[in-house]
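# Close look at the chain arrangement
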Amino acid sequence: MKIALLGYGKMGKVIEKIALERGHEIVLRKDESNTFDGLSTADVAIDFSVPTAAVSNISTCINAGIPVISGTTGWLENYHEMVKLCNEKNSAFLYGSNFSLGVNLFFELNDYLARMMSKFKEYSVTMEEIHHTQKLDKPSGTAISLANAIINHSDKNNWAIENPKEDDLFIDVKRIENVPGTHTVTYNSDVDFIEIKHVAHNRDGFALGAIVAAEWIIGKKGVFTMKDVLDLK
């Protein structure tokens, strides 16, 4: 499989390493300083760039008929535009706020727990997310995915990272040097609390998940998520 890497930072380099180990070829390593030369030879593109580049990267791939996997967060106000474009062009697009197998299982656990806890109003729910200081978006895409699932099953109407209102789900966002990505959901009452947590040891799990998604999407048309890839529906 020939892969175009859109974004060649720390994550892009880990994806490259694992892709080569799995026998794939990298035909484009795009950062801010170079062009899309080589994209037309790719079987699939993997976008781990920055929020300001994501829409351009994704739309360029869709318009070129190249299936695209995107793990860039912080641009989702334009997500529905990319979905519409993908459907119009009969192309293939998969966005994931997190490609780790463990995190996607955590998403399912969070959704299940939120549905159960919706019956027990004596518990209040909060979240915490911790990332390294180079993480640009606040909260993380993973935290937003977790929060939206909780909101769907609760009396919360939105999430907030500061000055939460009564109907807001508070996400305590922390940026700390050299820490693993950590996401925690806590249900607290006067008598006890229930907590679920995911801690990433390194970037390899995210990179492997993105490559597995890229392998999976070849030959398919439509808009997908990691639920499709992992058959979690």
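Here, every reference points to the structure presented above.
Treat the numbers as computed from the prediction; the structure is a model and nothing was measured.

## Quick notes on the pairing of strand S2 (residues 25–30)
Summarising the sheet, strand S1 (residues 2–6) and S2 pair through 5 bridges and their orientation is parallel. From the neighbouring strand, lysine 2 faces S2, where its bridge partner is glutamate 25. The parallel pair S1 and S2 is bridged by helix H1 (residues 10–21), and the resulting crossover is right-handed.

## A word on the pattern of salt bridges
As enumerated under the stated definition, the model contains 8 salt bridges in all. The closest approach of N and O atoms between glutamate 21 and lysine 17, which form a salt bridge, is 3.1 Å. Placement of both glutamate 21 and lysine 17 in helix H1 is noted, with a separation of 4 residues, approximately one turn of the helix. Across the pair arginine 175 and glutamate 129 runs a salt bridge whose closest N-O atoms are separated by 3.0 Å. Here the residue arginine 175 occupies a position in strand S8 (residues 168–175), and glutamate 129 occupies one in strand S6 (residues 124–131), the gap between them amounting to 46 residues. Accessibility assignment for this pair places arginine 175 and glutamate 129 in one class, buried. Connected through shared salt-bridge partners, Glu128, Asp172 and Lys174 make up one network.

## Here's the deal with the pairing of strand S10 (residues 193–199)
The pairing of strand S9 (residues 182–188) with S10 spans 7 bridges and is antiparallel. Residue pairing for S10: threonine 184 is matched across the bridge by lysine 197. Linkage of S9 to S10, two consecutive antiparallel strands, is achieved through a turn of 4 residues.

## Observations concerning the sheet that holds strand S7 (residues 158–160)
Read across the open sheet, the 5 strands follow the order S7-S8-S6-S9-S10; overall the sheet is mixed. Pairing within the sheet leaves two strands with one partner each, and these edge strands are S7 and S10. Between one strand axis and the next, the sheet turns by 20° as a mean value, whatever way the strands run. Against the sheet, helix H4 (residues 101–117) touches S9 and S10, its axis set at about 165° to S10.

## Observations regarding helix H6 (residues 204–217)
The terminal C-alpha atoms of H6, which comprises 14 residues, lie 20 Å apart, in line with the 20 Å expected from a rise of 1.5 Å per residue. Those residues of H6 not exposed but buried are Phe206, Ala207, Gly209, Ala210, Ile211, Ala213, Ala214 and Ile217. Positive phi appears at glycine 219, one or two residues downstream of H6, with a value of about 85°.

## A short note on unusual backbone geometry
One non-glycine residue, asparagine 163, adopts positive backbone phi at about 45°. Within the fold, asparagine 163 resides in the loop between S7 and S8. For aspartate 231, which is not glycine, the phi torsion reads 55° and is therefore positive. Residue position: aspartate 231 is located in the segment after helix H7 (226–230). According to the relative accessible area criterion, aspartate 231 is exposed, its value standing at 64%.

## So, the packing of aromatic side chains
Counted according to the given criterion, the structure contains 6 aromatic pairs. Centroid distance phenylalanine 48 to phenylalanine 99: 5.8 Å. Interplanar angle 55°. Geometry classified as tilted. One end of the pair, phenylalanine 48, is in the loop between strand S3 (44–47) and helix H2 (51–63); the other, phenylalanine 99, is in the loop between strand S5 (92–95) and H4, with 51 residues separating them in the sequence. Residue phenylalanine 48 shares its accessibility class with phenylalanine 99, and that shared class is buried. Measuring from ring centre to ring centre gives 6.3 Å for tryptophan 75 and tyrosine 79, while their planes differ by 50°; the resulting arrangement is tilted. On the basis of relative accessible area, tryptophan 75 is assigned to the buried category, the value being 1%. Feature note: the residues Trp75, Tyr79, Phe93 and Tyr95 constitute an aromatic cluster, connected by ring pairs. Above the face of the tyrosine 8 ring, lysine 13 is positioned so that its terminal group lies 4.2 Å from the ring centre. Taking the ring centre of phenylalanine 36 as reference, the NZ or CZ of lysine 30 above it sits at 4.8 Å.

## Some details on the state of the cysteines
Scanning the entire structure with this criterion turns up 0 disulfides. Lacking any disulfide linkage, cysteine 61 is separated from the closest cysteine sulfur, that of cysteine 86, by 11 Å.

## Things to note about the nonpolar core
Ranked by size, the top nonpolar core spans 45 residues in total, and within it Ile15, Ile46, Ile69, Leu94, Met127 and Tyr187 carry the most contacts. Of all the elements, H6 adds the most residues to this core, at 7 residues. Excluding residues that lie within four positions of it along the chain, isoleucine 46 makes contacts with Ile3, Ala4, Leu5, Leu6, Ile15, Ile69, Ala210, Ile211 and Ala214. Membership of the second largest hydrophobic core comes to 18 residues, among which are Leu28, Leu39, Ala42 and Cys86.

Thresholds, definitions, all that
Residues numbered from 1 in each chain as written. Predicted model: local features only at pLDDT ≥ 70, side-chain atom pairs only at ≥ 80, totals over all residues. Heavy atoms only, no water. Pairing = 2+ DSSP bridges. Helix = DSSP H or I, 4+ residues; strand = E, 2+ residues; numbered from the N terminus. Right-handed = clockwise from strand over helix to strand, strands pointing away. Salt bridge = Lys/Arg side-chain N within 4 Å of Asp/Glu carboxyl O. Buried < 20%, exposed > 50% of the residue type's maximum accessible area, 1.4 Å probe, protein only. Axes fitted to C-alpha atoms, helices over the stretch in contact; angles between N-to-C directions. Contact = heavy atoms within 4.5 Å. Expected span 1.5 Å × (residues − 1). Phe/Tyr/Trp six-rings, centres within 6.5 Å; stacked < 30°, edge-to-face > 60°. Lys NZ or Arg CZ within 6 Å of the ring centre and 35° of its normal. Disulfide = S-S within 2.5 Å. Core = buried A, V, L, I, M, F, W, Y, C linked by side-chain atoms within 4.5 Å.

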